[in-house]
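Reading the structure
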Amino acid sequence: MFEYCTDPSSLDSLQWWSCYLTTNKQIMFYQSFGTVLALLLATAPVILLFGFGGALARRSRFLPLRLFGLGYTSMVRGIPDIIFFMFALIALDQGIEYVRHIVLCPDWTEPVRQGNDFVVCAAAKMPPNNAPQWVHEVYGFFLALVGYSVVYGAFAANTLFGAFQAVPHAQLETAAAFGMSKRKAFWRILLPQMWVYALPGLSNLWMILVKATPLLFLLGVKDIVYWANELGGAKTARFTYPHGDWRLGYFLVLLAFYLILTWVSERGFERLNRYVSRGHASRGGST
Amino acid sequence: MNFLVKIAAIALAATFAVNGASAKTLRMGTEGKYPPFNFVNDNGQVDGFERELGDELCKRAGYTCTWVTNDWDSIIPNLVSGNYDTIMAGMSITPERQKVIDFTQEYFPPDPSSYVALAGTKPDLKKGVIAAQTSTIQANYVASSGARLVEFASADETIAAVKSGEADAVLADTGYLNDIVKASNGELAFVGDKVYIGGGIGMGVRKSDSEIRDKMNAAIESMKKDGSLSKLIAKWFNGRKVTW
């Protein structure tokens, strides 16, 4: 980064640090904070979408849809996250490749499963073998996003389902008495009031999601935990910047990051709660 | 709704996009935590003996290669499920692993394993607490030797365990430990006798990929013959002499 960094062994400590903290590897560590935030910001709306889908399916008067909603929420909630992440994503990844294989290589005769091996034709590889590494990383990120959305969507569905039930039934009856159609009553009466009951649960879910981001590492996405571990490990003279075991320091940085993130989220949810409670005499908004 | 349909169409098109995949690109899987065999250098690139060797092998075999890192623990499952095409990660050729994947001929001779402990201590290697990396030949050896095995996900953590006193000693490849003992400035020292376990180190490939295996075998053979492999080993392992 700086000109004097060419021979780190001759530097005094201030310059050494300025060089060390600006190596490419360190910059990858800084960028991985962005990866984690991007994952959080990208999954949150999808989780809400899945949650709404699940909750509305469970409330549906159409039996198969109701069973589907119930099945989705109970299944995901009952299976340990980690199994779901590992299994569902490998299945999704191989499923996409399998479908591509059938469509793109119709004259391929060898079996896809050969013993332990999963073999598809070169054109069906997703992403293709010759794609640059960043494409592989974006694809991995996308799979992770799907995984988080499916799992946390089920939790959101349950929270939202509960919140829909919690809105006093008298409110809907009154709406009907005023001549509102079901649809209108949903948008004008049920939905705005539902948020008051849903927010505490959703904010909990958000916190859990924040704390679950280190699982990204298990999915092959190089997140902050991966880099902290990698950079913090002791480095021998093979490296340009040899040092001892600095994992404690790196993990303290992560601790600070997560604390700040949860603190900011806390504040955000407080404001949101005040906003959705406006005009309610019962819960958060007493005015 | 129109918007959703468009997004779905784009996603579908992306899913079935035909790539001009030349079969010549290989993704080389490695651990990236086992210097000097393989490690991620300060530039964030895979580096080390296996990187240099692998690049040369790819050149001779006519492949374009890209390097990816993967945790040691899941390095074989991710090979067979097709996330990358080869493993070059200081992996000894063992009958157990050969049940799942194929290996090329060895590109590094059998490396005896050594015990390392805090300097000045005399750990009981038969009954004490010995650290080793998960799913390695050393872990298997310790487990069957009667000593208490503590496993760690990476080699670096096994060393940290010895330094912190959590384990009495660590068992690992001598080629890896040489560097560690040297860098510790007298804090760590070799103890006990060397242990001869495992075969040489080879490149792992899927059983169904006999073409890659044969081409790489030929490339390794040619590097053994012209002496360039011995030179590479001497360069990365403190002048170690190997003749084939």
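Scoring rules and cut-offs
- Residues numbered from 1 in each chain as written.
- Chains lettered and ligands numbered in written order.
- Predicted model: local features only at pLDDT ≥ 70, side-chain atom pairs only at ≥ 80, totals over all residues.
- Heavy atoms only, no water.
- Helix = DSSP H or I, 4+ residues; strand = E, 2+ residues; numbered from the N terminus.
- Buried < 20%, exposed > 50% of the residue type's maximum accessible area, 1.4 Å probe, protein only.
- Contact = heavy atoms within 4.5 Å.
- Core = buried A, V, L, I, M, F, W, Y, C linked by side-chain atoms within 4.5 Å.
- Pairing = 2+ DSSP bridges.
- Domains from an automatic or database assignment.
- Buried area = accessible area lost by both parts, 1.4 Å probe.
- Polar contact = N/O pair within 3.5 Å; in protein donor to acceptor, adjacent residues only side chain to side chain.
- Disulfide = S-S within 2.5 Å.
- Axes fitted to C-alpha atoms, helices over the stretch in contact; angles between N-to-C directions.
- Parallel < 35°, antiparallel > 145°, perpendicular 65-115°, else oblique.
- Left-handed = near helix turned anticlockwise from the far one by under 90°.
- Nonpolar A, V, L, I, M, F, W, Y, C, P; charged D, E, K, R; others polar.

**What about the environment of A:Leu11?**
Residues and elements named next belong to chain A. Mapped onto the elements, Leu-11 comes out in the segment before α1 (13-20). Taking the relative accessible area as the measure of exposure, Leu-11 reaches 16% and is therefore buried. It is 38 Å that separates the C-alpha atoms of Leu-11 and His-136, two residues lying 125 residues apart in sequence. For Leu-11, the residues in contact, after removing those within four places along its chain, are Tyr-4, Trp-16 and Cys-19.

**Things to note about the nonpolar core**
Ranked by size, the top nonpolar core spans 63 residues in total, and within it A:Phe29, A:Tyr148, A:Tyr152, A:Phe164, A:Met194 and A:Ile224 carry the most contacts. Every element with two or more residues in this core is listed here: α1, α2 (24-59), α3 (63-78), α4 (81-104), α5 (133-166), α7 (182-212), α8 (224-232) and α9 (247-276) of chain A. Among the nonpolar cores identified, the runner-up in size contains 49 residues, and B:Leu57, B:Phe108, B:Val150 and B:Ile220 belong to it.

**Some points on the sheet that holds strand β2 (residues 33-34) of chain B**
Residues and elements named next belong to chain B. Judged by pairing direction, the sheet is antiparallel, and its three strands sit side by side in the order β2-β3-β4 without closing on themselves. The sheet is open, and its two edges are formed by β2 and β4 (46-47), each paired on a single side. In this structure, β2 lies alongside strand β3 (residues 38-40), joined through two bridges in antiparallel fashion. Of the residues in β3, the one forming a bridge with Lys-33 is Phe-39.

**Observations regarding the domain arrangement of chain B**
Interface extent is often summarised as the accessible area lost during association of the parts. All names here are of chain B. Segmentation of chain B into domains returns domain 1 (24-110 + 199-236) and domain 2 (113-195). When each unit is reduced to the centre of its C-alpha atoms, the spacing between domain 1 and domain 2 is 25 Å. Each side of the interface is counted separately: domain 1 has 13 residues, and domain 2 has 14 residues. Summed over both partners, the interface of domain 1 with domain 2 buries about 1,000 Å², with 49% contributed by carbon and sulfur atoms. Put simply, domain 1 and domain 2 have seven residue pairs in polar contact (both at pLDDT 80 or more) between them.

**A word on the pairing of strand β11 (residues 169-173) of chain B**
Residue and element names in this part refer to chain B. Along β11, five of the five residues are buried, which leaves the element largely enclosed by surrounding structure. Relative to β11, strand β8 (residues 113-118) runs antiparallel, the two being bridged by four bridges. Note on β11: the bridge partner recorded for Val-116 is Val-170. In the sheet, strand β9 (residues 129-133) pairs with β11 via two bridges, with the strands oriented parallel. Note that in β11 the partner of Ile-130 across the bridge is Ala-169.

**What to know about the state of the cysteines**
For the structure on display, the rule yields three disulfides over all chains. A disulfide bridge connects A:Cys105 with A:Cys121, and the sulfur atoms are separated by 1.7 Å. Taking the torsion about the S-S bond as the criterion, the A:Cys105 to A:Cys121 disulfide, at about 70°, is right-handed. You can see A:Cys105 sitting in the loop between α4 and β1 (113-114) and its partner A:Cys121 sitting in the loop between β2 (117-118) and α5, a full 16 residues away along the chain. Judged by relative accessible area, which is 14%, A:Cys105 ranks as buried. Since its relative accessible area comes to 2%, A:Cys121 is described here as buried. A disulfide bridge connects B:Cys58 with B:Cys65, and the sulfur atoms are separated by 1.9 Å. Judged by the torsion about the S-S bond (-85°), the B:Cys58/B:Cys65 disulfide is left-handed. No difference in accessibility class separates B:Cys58 from B:Cys65, as the two residues are buried. Across chain A, the way the bonded cysteines pair up, counted in sequence order, is 1-2, 3-4.

**Quick word on unusual backbone geometry**
For the peptide bond that leads from A:Met126 to A:Pro127, omega is -15°, which places it in the cis range. Among the structural elements, A:Pro127 can be located in the loop between β2 and α5. Cis geometry is adopted by the peptide bond preceding B:Pro36, which originates at B:Pro35 and carries an omega value of 0°. The topology assignment puts B:Pro36 in the loop between β2 and β3. A positive phi angle, close to 55°, is found at B:Asn185, a residue other than glycine. Mapping B:Asn185 onto the fold places it in the loop between α7 (174-183) and β12 (188-195). On the accessibility criterion, B:Asn185 (72% relative accessible area) is exposed. In this structure, B:Asn238 is a non-glycine residue whose phi angle is positive, near 50°. One can find B:Asn238 in the segment after α9 (228-236).

**Quick look at the packing of α2(A) against α5(A)**
All names here are of chain A. α5 packs onto α2 with a crossing angle of 45° between their chain directions and a minimal axis gap of 5 Å. As the angle between them shows, α2 and α5 are arranged oblique. Two packed elements cross with a definite hand, and for α2 against α5 that hand is right-handed. Along the lines of polarity and charge, the residues of the contact of α2 with α5 split into 21 nonpolar, eight polar and two charged.

**Observations concerning the sheet that holds strand β5 (residues 64-69) of chain B**
All names here are of chain B. Strands sit in the order β5-β1-β6-β13-β7 across an open sheet of five strands; the sheet is mixed. With partners counted over all chains shown, the strands left at the sheet margins are β5 and β7 (102-108), one partner each. Bridge count for strand β1 (residues 25-30) against β5 is six bridges, and the pairing is parallel. Paired with Thr-25 across the bridge in β5 is Thr-64.

**Side note on the packing of helix α2 (residues 49-61) of chain B against helix α8 (residues 210-225) of chain B**
Residue and element names in this part refer to chain B. Taken N-terminus to C-terminus, the directions of α2 and α8 make an angle of 110°; their axes are 9 Å apart at the nearest point. For the element pair α2 / α8, the angle class is roughly perpendicular. The chirality of how α2 crosses α8 is right-handed. Mapping the contact onto sequence places Leu-53, Glu-56, Leu-57, Cys-58, Arg-60 and Ala-61 in α2 and Lys-215, Met-216, Ala-219, Ile-220, Ser-222 and Met-223 in α8. Residues of the contact of α2 with α8, tallied by class, amount to eight nonpolar, one polar and three charged.

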